[in-house]
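Here's the letter readout for the chains.
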Amino acid sequence: MLRPLPVLAALLFLVPSDSHARYASLVMDARTGEVYRARHADDLRYPASLTKVMTLYMVFDKLESGGWTLDTRLKVSKRAAGQPATRLGLKAGSYLPVRTAIRALVVRSANDVATLIAENHSGSESKFGRAMTMRARELGMSRTTFRNASGLPNRHQKSTARDMALLAVLVQRHFPQYYHFFKTRTLKYKGRTFKNHNALLKKYSGTDGIKTGYIRASGFNLMSSVRRNGQHLVAIVFGGKTAGRRNRHMAKILDSGFKAASRSSAQRVPPLPVVRVRGAPPPPVLVARALTAPVPRPAPSRVDGIVLPQLRPGTDTRHAAAPAGLQGRWSVQVGAYSSAPAAHAVIGVARLVFGKRADQHHFRVDRIQGSDGPVFRARVLGFSEGEARTICTVLRNRGLPCAPVRAGVVSVAAIPTD
């Protein structure tokens, strides 16, 4: 005869396990933003070392702005050297080149290097955390808050699978010239060789990055980017019970994602993914129309009496100088696309939003060479910093992607997405 379970024991069967409470996943088409799978994708989770992707986004931005170069030497503080494992083993008072710091974050997931970057970038890690959060919100990561550069435990440092998927796409879109670092498999440092924790780089065909993460409160996390047969998926898993089970689960949902992508008839001209939070309205139809509309031919605009010629679709501006009179000003970026027509179409939508103010600004498309081919950035020039941030709020409310950008850099490859 079965004996009745104590009340407390019975209740335990009704309470979700801790690992279930930590789980979340999302699989998304990186070109169209179409979501093929979402489980708890908008629930807050601890990002752990997925945080370091945002830290690297800030590093790449610093490189593009000219504030750093890959050879810039960052000074190690006592606090940075004292960070807990996983570590590179930095010594206080020593220096580390930015190039090595990037590789150490990707391969070793080194917490001492994350703090080193934060302190050299913003003066302190707390200030860097605030800068990361502000940038994340500008990028559309509306539910993400950062408190440190590493992902070490902090009860206020939370994100979602959807926000992290957006970050995985944007770090590639905005910095194609630096994304190759996420493919790094080994790092040699002071006689030691470290191997990348991301086993999918070897075990799952087409994987080109991007980052693993673990703290006890999060479980085993993984951000993946995979390209196969002209398709490009990004996927997020939070809360794996072990690294192996996480990896197997990631492979399973990616397999399902590629099957769904092959069946999808979604247009392959890639708008920036639209972030959707529960309760948020759908994006305006105007944006979808812009991606298939004829390429607009806007008239030259004028800034401070300077007539600025428009670029034709396909114009290669990699060596174009920033227009005279715009040095030190700000612009806004309304997306990065795989074709000039798509970029010009969104520029056309932005002109409609600007209305009568359109002739006060320079609308242009910049072309840079990415790992998968050319990338076309749609930008509007001629703002102060405050105006750029304000207009981005307006454009986002109209359903357009937008990020403030510092101007005044001579080459397109060096214009930062701020």
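Predicted model, so just to flag it, every value in this text is computed and none were measured.

Student: Would you mind going over the pairing of strand S14 (residues 373–383) with me for this structure?
Tutor: Regular strands show a simple pattern: their side chains alternate between the two faces of the sheet. Of all eleven residues that make up S14, ten are buried, and the element is covered over most of its length. As paired strands, strand S12 (residues 330–337) and S14 are joined by six bridges and run antiparallel to one another. Across the sheet, residue Trp 330 finds its bridge partner in S14, namely Phe 383.

Student: Can you walk me through helix H10 (residues 243–263) in this structure?
Tutor: Residues spaced three or four apart along an α-helix face the same direction, because each turn holds 3.6 residues. Compared with an ideal rise of 1.5 Å per residue, which puts 21 residues at 30 Å, H10 spans 30 Å between its outermost C-alpha atoms and is within 8% of the ideal. Every buried residue belonging to H10 is among Arg 246, Asn 247, Met 250, Ala 251, Ile 253, Leu 254, Gly 257, Phe 258, Ala 260 and Ala 261, and all of these are buried. Elements in contact with the buried residues of H10: strand S1 (24–29), strand S2 (35–39), helix H9 (200–203), strand S7 (207–215), strand S8 (219–228) and strand S9 (231–240).

Student: How should I be thinking about the side chain of Ser 49 in this particular structure?
Tutor: Considering the arrangement of structural elements, one finds Ser 49 in the loop between S2 and helix H3 (51–65). Within the local environment of Ser 49, its side chain forms a polar contact with the side chain of Lys 52, the two groups lying 2.7 Å apart. Residue contacts for Ser 49: discarding those within four places in its chain leaves Ser 109, Ser 150, Gly 151, Lys 211, Thr 212, Gly 213 and Tyr 214.

Student: Hey, could you run me through helix H6 (residues 111–122) in this one?
Tutor: The terminal C-alpha atoms of H6 lie 17 Å apart, and with twelve residues this matches the ideal 16 Å at 1.5 Å per residue to within 8%. Most of H6 sits out of view: ten of its twelve residues are buried. Of the residues making up H6, those classed as buried are Asn 111, Asp 112, Val 113, Ala 114, Thr 115, Leu 116, Ile 117, Ala 118, Glu 119 and His 121. Of the surrounding secondary structure, the elements contacted by the buried residues of H6 are H3, strand S3 (73–75), helix H4 (78–81), strand S4 (95–97), helix H5 (98–108) and helix H7 (125–138).

Student: Would you take a moment to explain the confidence of the model for the protein chain for this structure?
Tutor: Interpretation of this model should avoid reading the predicted coordinates in detail wherever pLDDT is low. Averaged over all residues, the pLDDT of the protein chain equals 78, while 74% of them reach at least 70. Confidence drops under a pLDDT of 50 for residues 1–18, and excluding neighbours within four residues, the segment shows one contact in the predicted structure. Contacts from residues 265–328, a stretch scored under 50 in pLDDT, to residues over four places away or in other chains number 142 contacts.

Student: What is the right way to read the environment of Ser 331 from this model?
Tutor: Looking at where Ser 331 falls in the secondary structure, it is placed in strand S12. In this structure Ser 331 comes out as buried when scored by relative accessible area, which is 2%. Sequence separation between Ser 331 and Ser 384 is 53 residues; the distance between their C-alpha atoms is 8.0 Å. Those residues in contact with Ser 331, other than ones at most four positions away along the chain, are Val 380, Leu 381, Phe 383, Ala 388, Ala 403, Pro 404 and Val 405.

Student: Teacher, can you tell me more about the nonpolar core here?
Tutor: One recurring pattern in soluble globular proteins is that nonpolar side chains are buried together. Grouped together as the largest cluster of nonpolar side chains are 64 residues, with contacts concentrated most on Met 54, Phe 60, Leu 88 and Val 113. Core analysis: the next-biggest nonpolar cluster, separate from the first, contains 23 residues, Ala 343, Ile 347, Phe 376 and Leu 395 among them.

Student: Even after reading the chapter, I still don't get the sheet that holds S2, so can you show me in this structure?
Tutor: For sheets, the rule is that strands pair by backbone hydrogen bonds, running either parallel or antiparallel. With antiparallel pairing, five strands are arranged side by side in an open sheet as S2-S1-S9-S8-S7. Lying at the two open borders of the sheet, with one neighbouring strand each, are S2 and S7. The mean inter-strand angle of the sheet, taken between neighbouring strand axes irrespective of direction, is 5°. Where S8 and S9 come together, eight bridges link them in antiparallel fashion. Following the sheet pairing, Leu 222 is matched in S9 by Val 237.

Student: Is there a simple way to explain the packing of aromatic side chains in this structure?
Tutor: How two aromatic rings sit relative to each other is given by the distance of their centres and the angle of their planes. Applying the stated rule across the entire model yields six aromatic pairs. With 6.3 Å between their ring centres and 90° between their planes, Phe 60 and Phe 182 make a pair best called edge-to-face. Of this pair, Phe 60 sits in helix H3 while Phe 182 sits in the loop between helix H8 (161–174) and strand S5 (186–189), and the two are 122 residues apart along the sequence. You'll find Phe 60 and Phe 182 in the same group, each marked buried. Aromatic rings pair up to connect Tyr 57, Phe 60, Phe 175, Tyr 178, Tyr 179 and Phe 182 into one cluster. Stacked on the ring of Tyr 95, the Lys or Arg Arg 73 has its end atom at 4.5 Å from the ring centre. In this structure, Arg 228 packs its charged tip against the face of Tyr 204, placed 4.2 Å from the ring centre.

Student: How do you make sense of the packing of H3 against H8 when you look at a structure like this?
Tutor: Helix-helix packing is characterised by the crossing angle of the two axes and by the distance between the axes. For the pair H3 and H8, interaxial distance at closest approach is 11 Å and the crossing angle is 20°. With respect to each other, H3 and H8 are oriented roughly parallel. Both H3 and H8 take part in a crossing whose hand is left-handed. From H3, Val 53, Met 54, Tyr 57, Phe 60 and Glu 64 reach across to H8, where they touch Leu 167, Leu 170, Val 171 and His 174. For the contact of H3 with H8, a count of residues per class yields seven nonpolar, one polar and one charged.

Student: What's the story with a positive patch on the surface in this structure? I'm lost.
Tutor: Side chains of Lys 127, Arg 130, Arg 137 and Arg 147 sit close together on the surface and give a patch of like positive charge. By the element assignment, Arg 130 lies in helix H7. Judged by its relative accessible area of 51%, Arg 130 falls in the exposed class.

Student: What exactly am I supposed to notice about the pattern of salt bridges here?
Tutor: Between side chains of opposite charge, a pair can form when the charged atoms approach closely. Inspection of the entire model under this criterion finds ten salt bridges. Among the ionic pairs, Glu 119 bridges to Arg 79, the shortest N-O distance being 3.9 Å. With Glu 119 in helix H6 and Arg 79 in helix H4, the pair connects residues that are 40 residues apart, well separated along the chain. You can call Glu 119 buried: its relative accessible area is 17%. A relative accessible area of 46% means that Arg 79 is categorised as partly exposed.

What counts and what doesn't
- Residues numbered from 1 in each chain as written.
- Predicted model: local features only at pLDDT ≥ 70, side-chain atom pairs only at ≥ 80, totals over all residues.
- Heavy atoms only, no water.
- Buried < 20%, exposed > 50% of the residue type's maximum accessible area, 1.4 Å probe, protein only.
- Helix = DSSP H or I, 4+ residues; strand = E, 2+ residues; numbered from the N terminus.
- Pairing = 2+ DSSP bridges.
- Expected span 1.5 Å × (residues − 1).
- Contact = heavy atoms within 4.5 Å.
- Polar contact = N/O pair within 3.5 Å; in protein donor to acceptor, adjacent residues only side chain to side chain.
- pLDDT = per-residue confidence, 0-100.
- Core = buried A, V, L, I, M, F, W, Y, C linked by side-chain atoms within 4.5 Å.
- Axes fitted to C-alpha atoms, helices over the stretch in contact; angles between N-to-C directions.
- Phe/Tyr/Trp six-rings, centres within 6.5 Å; stacked < 30°, edge-to-face > 60°.
- Lys NZ or Arg CZ within 6 Å of the ring centre and 35° of its normal.
- Parallel < 35°, antiparallel > 145°, perpendicular 65-115°, else oblique.
- Left-handed = near helix turned anticlockwise from the far one by under 90°.
- Nonpolar A, V, L, I, M, F, W, Y, C, P; charged D, E, K, R; others polar.
- Patch = residues over 30% accessible without salt bridge, like charges linked within 9 Å, V, L, I, M, F, W, Y side chains within 5 Å.
- Areas by Shrake-Rupley, 256 points an atom, 1.4 Å probe, with all protein chains shown as cover.
- Salt bridge = Lys/Arg side-chain N within 4 Å of Asp/Glu carboxyl O.
- Lys, Arg positive; Asp, Glu negative; His and termini not counted.
- Charge placed at Lys NZ, Arg CZ, Asp CG, Glu CD.

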